Amino acid sequence: MNSKQINETVNKQVSFMQDVKDGDLRTILVNMQKMNDYMAEKLRIYEEHLTSLTGKAKS
């Protein structure tokens, strides 16, 4: 992952966190779910990349 991708990822996460802090309870919950979905996808991509580098699936 290059520095541009890392910066974009950090900016996206900061944006999510700002959305989580602002708004009513329903909006906060919706934004937290979006953040969880984003982080789950990010983890999936990291696991896939790790598998491709090591040749070993996560146990």
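Residues numbered from 1 in each chain as written. Predicted model: local features only at pLDDT ≥ 70, side-chain atom pairs only at ≥ 80, totals over all residues. Heavy atoms only, no water.

### Some points on the overall build of the protein chain
- From N to C terminus, the protein chain includes 2 helices and 0 strands.
- Of all 59 residues assigned to the protein chain, the portion counted as buried reaches 14%.
- Of the roughly 5100 Å² of accessible surface on the protein chain, 58% is carried by carbon and sulfur atoms. (Helix = DSSP H or I, 4+ residues; strand = E, 2+ residues; numbered from the N terminus. Buried < 20%, exposed > 50% of the residue type's maximum accessible area, 1.4 Å probe, protein only. Areas by Shrake-Rupley, 256 points an atom, 1.4 Å probe, with all protein chains shown as cover.)

### Observations regarding the pattern of salt bridges
- Enumeration over the complete set of coordinates arrives at 2 salt bridges.
- Arg-44 is the salt-bridge partner of Glu-41, the closest N and O atoms lying 2.7 Å from each other. Taken together, the residues Glu-41 and Arg-44, both in helix 2 (residues 25-54) and 3 residues apart, mark about one turn of the helix.
- Judged by its relative accessible area of 40%, Arg-44 falls in the partly exposed class.
- Residue Arg-44 pairs with Glu-48 through a salt bridge whose shortest N-O separation is 3.0 Å. Placement of the pair is Arg-44 and Glu-48 together in helix 2, with a separation of 4 residues, close to one helical turn.
- One continuous salt-bridge network, built from bridges that share partners, spans Glu-41, Arg-44 and Glu-48. (Salt bridge = Lys/Arg side-chain N within 4 Å of Asp/Glu carboxyl O.)

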